[in-house]
Amino acid sequence: MSRTLESPRTVVQTTTKRPPLYKVILLNDDYTPRDFVVGVLKAVFRMSEEQAYAVMITAHRRDACVVAVFARDVAETKATEATDLGKQAGYPLFFTTEPET
Ligand code: TYC
C-alpha cells in the first residue's frame with residue numbers, strides 16, 4: 001500500500017512534566033532548644049546528626065535555612081508535621097514552604 005495515497009497521519013507527541021518543587025524552610029526563633037531542632041530535622045526529614053546540626057546552625061545564624069525540596073503536598077505535610085512537633089512541646093518552632101524559582 002502506498003503511503004502517499006493515504007491520508008496524513010496524526011503524530012502524537014507527549015511530554016512529561018515534573019511537578020513543581022517546593023522548598024521547606026526552617027525559621028529561627030529565640031526559644032526552641034538547638035537539640036530539639038536537630039531532633040525534629042532528623043525525625044521528619046531523615047537527616048543525619050551532622051546534616052541536621054548544619055541546617056539548625058544556619059537557621060540560627062542567618063534566620064532561615066532551606067531544609068529540602070519536595071513536591072508541594074509532601075513539602076506542606078512535612079512542614080506541618082515538624083511545626084506540630086514543636087507546638088506539642090510548647091515551642092514556637094516554625095517551618096514554612098515556598099515554590100522553588
Ligand atoms: N535560636 C535557638 C536558640 O538559640 C535555636 C534555634 C535554631 C531555633 C534554629 C530555631 O530554626 C531554629 N535556642
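Structure: above.
Read on for a plain summary of the structure. All of these numbers come straight from a predicted model, not from anything done at the bench.

**Observations regarding the site of the ligand**
And step 1. In the vicinity of the ligand, the contacting residues are Leu-26, Leu-27, Asn-28, Asp-29, Thr-32, Arg-34, Val-37, Met-56, Ala-59 and His-60.
And step 2. One of the backbone N or O atoms of Leu-27 is found 2.8 Å from an oxygen atom in the ligand.
And step 3. Against a free-state accessible area of 350 Å², the protein chains account for coverage of 88% of the ligand.
And step 4. Mapped onto the shell around the ligand, the elements with two or more residues apiece are β1 (21-27), α1 (34-45) and α2 (49-62).
And step 5. It is α2 that provides the largest number of residues to the shell around the ligand, a total of three residues.

**Topic: the nonpolar core**
And step 1. Leu-26, Leu-41, Phe-45, Val-67 and Phe-95 are the most contacted members of the largest nonpolar core, which totals 22 residues.
And step 2. Sorting the residues of this core by element identifies β1, α1, α2, β2 (64-71) and α3 (72-88) as the ones contributing at least two each.
And step 3. Per-element tally for this core: the top contributor is α1, with six residues.
And step 4. Sequence-distant contacts of Val-67, defined by excluding residues within four places in its chain, comprise Val-24, Ile-25, Leu-26, Leu-41, Phe-45, Met-47, Val-55 and Phe-95.

**Overview of the pattern of salt bridges**
And step 1. Tallying each qualifying case throughout the model produces three salt bridges.
And step 2. The shortest N-O distance in the salt bridge between Lys-23 and Glu-98 comes to 3.1 Å. Remark: Glu-98 occurs in strand β3 (residues 94-99) and Lys-23 occurs in strand β1; sequence separation between them is 75 residues.
And step 3. A relative accessible area of 18% means that Lys-23 is categorised as buried.
And step 4. Among the ionic pairs, Glu-76 bridges to Arg-72, the shortest N-O distance being 3.0 Å. A residue pair is termed a helical-turn pair when its members lie 3 or 4 positions apart in one helix, as Glu-76 and Arg-72 do in helix α3 at four residues.

**Structural notes on the packing of α1 against α2**
And step 1. At a minimum axis separation of 9 Å, α1 and α2 run at an interaxial angle of 125°. Between α1 and α2, the angle falls in the class oblique. Crossing geometry of α1 relative to α2 is assigned as right-handed. Between α1, through Arg-34, Val-37, Val-38, Leu-41 and Lys-42, and α2, the contact on the second element is made entirely by Glu-49, Ala-52, Tyr-53, Val-55, Met-56, Ile-57 and His-60.
And step 2. Each residue belonging to the contact of α1 with α2 can be placed in one class, and the counts come to eight nonpolar, one polar and three charged.

Basis of the calculations
Residues numbered from 1 in each chain as written. Predicted model: local features only at pLDDT ≥ 70, side-chain atom pairs only at ≥ 80, totals over all residues. Heavy atoms only, no water. Near = heavy atom within 4 Å. Polar contact = N/O pair within 3.5 Å; in protein donor to acceptor, adjacent residues only side chain to side chain. Areas by Shrake-Rupley, 256 points an atom, 1.4 Å probe, with all protein chains shown as cover. Helix = DSSP H or I, 4+ residues; strand = E, 2+ residues; numbered from the N terminus. Core = buried A, V, L, I, M, F, W, Y, C linked by side-chain atoms within 4.5 Å. Buried < 20%, exposed > 50% of the residue type's maximum accessible area, 1.4 Å probe, protein only. Contact = heavy atoms within 4.5 Å. Salt bridge = Lys/Arg side-chain N within 4 Å of Asp/Glu carboxyl O. Axes fitted to C-alpha atoms, helices over the stretch in contact; angles between N-to-C directions. Parallel < 35°, antiparallel > 145°, perpendicular 65-115°, else oblique. Left-handed = near helix turned anticlockwise from the far one by under 90°. Nonpolar A, V, L, I, M, F, W, Y, C, P; charged D, E, K, R; others polar.

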